Amino acid sequence: MLIRATVNCPWNRCKFCPTYKGEKFQLRSVEEIKQDIGIAKVIQDKIKELSWKSGYGGKVKEIASRVLNGPPNEAFRNVALWLYAGGESIFLQDANSLIMRTNQLAEVIRFLWETFPDIKRITSYARSKTATKKKPDELTELHDAGLSRLHIGLESGYDPLLQYMDKGVTAAEHITGGRRVVESGISLSEYVILGLGGEEMWREHATQTARVLNEIDPDFIRVRTLAINNKMPLYNEVENGNFILATDERILEEEKLLIEHLECRSNYVSDHITNLLQEIEGKLPQDKEKMLASIDRFQALPPEERTNFRIGRRVGMYSQLDDLNDLRKHQAVEQIIHKLSHGSNQVDEETIHALMEGFIT
Ligand code: SF4
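Q: Would you mind showing me how to read unusual backbone geometry here?
A: Trans peptide bonds make up the majority, and among non-glycine residues the majority have a negative phi. At the junction of Gln93 and Asp94, the peptide bond is cis and its omega measures out at -5 degrees in the coordinates. Considering the arrangement of structural elements, one finds Asp94 in the loop between strand E4 (89–93) and helix H4 (102–115). Note that the residue after Leu284, namely Pro285, is joined by a cis bond; omega there is 0 degrees. By the secondary structure assignment, Pro285 is in the loop between strand E10 (282–283) and helix H12 (288–299). Unusually for a residue other than glycine, Asn8 sits at a positive phi of about 70 degrees. Assignment of secondary structure puts Asn8 in the loop between strand E2 (6–7) and strand E3 (26–27). Non-glycine residue Asp217 carries a positive phi angle of around 55 degrees. Within the secondary structure layout, Asp217 lies in the loop between helix H9 (202–216) and strand E8 (220–225).

Here it is in structure tokens:
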């Protein structure tokens, strides 16, 4: 379930991020947030009551799915979706809840556990910079209040790239902020953007990101691949030729270099549609060879098969390399390639990047 603890992003300058551009950041009072939590509780109780009345003995999945067919408002939809998915996790929005005063955020977290004692975890987004500004005992206070996990956008560990992208944080601050979270006992998930270095900085992006992650040793490393749309400042940089987008093949080279340099014990997760090879997942260090083998397998394909796979992924028909063996899908992708390339069977990079645009909002 999503609970809005703050509104929008207090930084809002990252060149690759379209999410809150043009929107003003706002803190919310603890009372306002508690009111929203109270409303969610009332809705949960209503759905439970309906379940008893309908003979489901308090089990909510069936009733939640009926509510989802025509929810009376957004709050109902949010709670019904959450209950339908198991009702285990609550996420504090928006981009950086850690910016709240520690005692206020802790109060919200405690109130959530009191209101929904059956949940399994409370998670939120944070910026590394904000984590560096919290004292270690403030992060411990949040952990003790029941904050289970923080998701931080590391994006890269290469300083010139962080500066170019206006991330507002240095590699050293990423390490300090990340270590503080890990040492507080809060689980940490660091996001990396594959392709963020473009054609110019991909090597340094890979090796320096691995270096920073090795220092932090987060519980999770989550990768997603850069996709561009015109809501992000980076779009203009691409248009005017200042930033050259990397190809899928280059990005896989970059990912290979990143994984080769990782020496931490994190879970590597590739759970985003923008990633070419979502099967590159595993627990480090033991799964490293298996993860690299997936990249080798793609790289060993003949060029026309690599193109077939890239297009199949970008139009959402393939989810893993084994899908190349599905004759029906393979032929359908061949037809798409024929159409996109106007018969030449050579799909240009711009067309592929345009397909990826559909994956982001
Ligand atoms: S990437 Fe995160 S910190 Fe940067 S502008 Fe977007 S929401 Fe804000």
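Q: How should I be thinking about the environment of His174 in this particular structure?
A: Among the secondary structure elements, His174 is positioned in helix H8 (residues 171–184). The exposure class assigned to His174 is buried, which follows from its relative accessible area of 0%. Expressed as a C-alpha distance, the spacing of His174 and Cys264, which sit 90 residues apart in the sequence, is 16 Å. Leaving out residues up to four positions away in the same chain, His174 has contacts with Ser128, Gly153, Leu154, Ser156, Leu162, Val169, Val212 and Ile216.

Q: Is there a simple way to explain the site of the ligand in this structure?
A: Surrounding the ligand, one finds Cys9, Asn12, Arg13, Cys14, Phe16, Cys17, Tyr20, Lys21, Ala95, Arg127 and Lys167. Its residues assigned to classes, the shell around the ligand comprises 6 nonpolar, 1 polar and 4 charged.

Q: I would appreciate a short explanation of the sheet that holds strand E9 (residues 267–269) in the present structure.
A: Pairing between sheet strands relies on hydrogen bonds along the backbone, with the strands arranged either parallel or antiparallel. Taken together, 8 strands build an open sheet; the order of strands is E1-E4-E5-E6-E7-E8-E9-E10 and the sheet is mixed. On the outer flanks of this sheet lie strand E1 (2–4) and E10, each paired with one strand and no other. Pairing of strand E7 (residues 187–194) with E8 involves 6 bridges; the strand directions are parallel. When the sheet's bridge partners are listed, Glu190 is paired in E8 with Ile221.

Q: Looking at this structure, I do not really get the environment of Ala210. What am I missing?
A: Following the sequence through the fold, Ala210 ends up in helix H9. In this view, Ala210 contacts Leu258, His261 and Leu262; residues no more than four positions away in its chain are not counted.

Q: Hey, could you run me through the packing of aromatic side chains in this one?
A: Each aromatic ring pair is described using two quantities: the centre-to-centre distance and the angle formed by the ring planes. Evaluated as defined, the whole model comprises 6 aromatic pairs. Seen in terms of ring centroids, Trp82 and Phe116 are 5.4 Å apart; in terms of plane orientation they differ by 80 degrees. Their pairing is edge-to-face. With a gap of 34 residues between them, Trp82 in helix H3 (residues 74–84) and Phe116 in the loop between H4 and strand E5 (121–126) connect regions that are remote in the sequence. When the centroid spacing of 6.5 Å and the interplanar angle of 70 degrees are considered together, the rings of Tyr125 and Tyr191 count as edge-to-face. Remark: Tyr191 occurs in strand E7 and Tyr125 occurs in strand E5; sequence separation between them is 66 residues. The partly exposed category is assigned to Tyr125, whose relative accessible area is 33%.

Q: What is the right way to look at helix H14 (residues 327–340) in this model?
A: Structurally, the α-helix is built with 3.6 residues per turn, so residues lying three or four positions apart point the same way. In this model H14 runs 20 Å from its N-terminal to its C-terminal C-alpha over 14 residues, within 8% of the 20 Å that 1.5 Å per residue would give. All of the buried residues in H14 are Lys329, His330, Val333 and Ile337. The buried residues of H14 all sit within an arc of 100 degrees when viewed along its axis, so they share a single face. In H14, those exposed residues whose orientation departs by more than 90 degrees from the buried face are Leu327, Arg328, Gln335 and Lys339. Summarising the contacts, the buried residues of H14 are in contact with helix H13 (303–314). Immediately beyond the C-terminal end of H14, within one or two residues, lies His342, with a positive phi of roughly 50 degrees.

Cut-offs and rules
Residues numbered from 1 in each chain as written. Predicted model: local features only at pLDDT ≥ 70, side-chain atom pairs only at ≥ 80, totals over all residues. Heavy atoms only, no water. Helix = DSSP H or I, 4+ residues; strand = E, 2+ residues; numbered from the N terminus. Buried < 20%, exposed > 50% of the residue type's maximum accessible area, 1.4 Å probe, protein only. Contact = heavy atoms within 4.5 Å. Near = heavy atom within 4 Å. Nonpolar A, V, L, I, M, F, W, Y, C, P; charged D, E, K, R; others polar. Pairing = 2+ DSSP bridges. Phe/Tyr/Trp six-rings, centres within 6.5 Å; stacked < 30°, edge-to-face > 60°. Expected span 1.5 Å × (residues − 1). Arc of directions from axis to C-beta.

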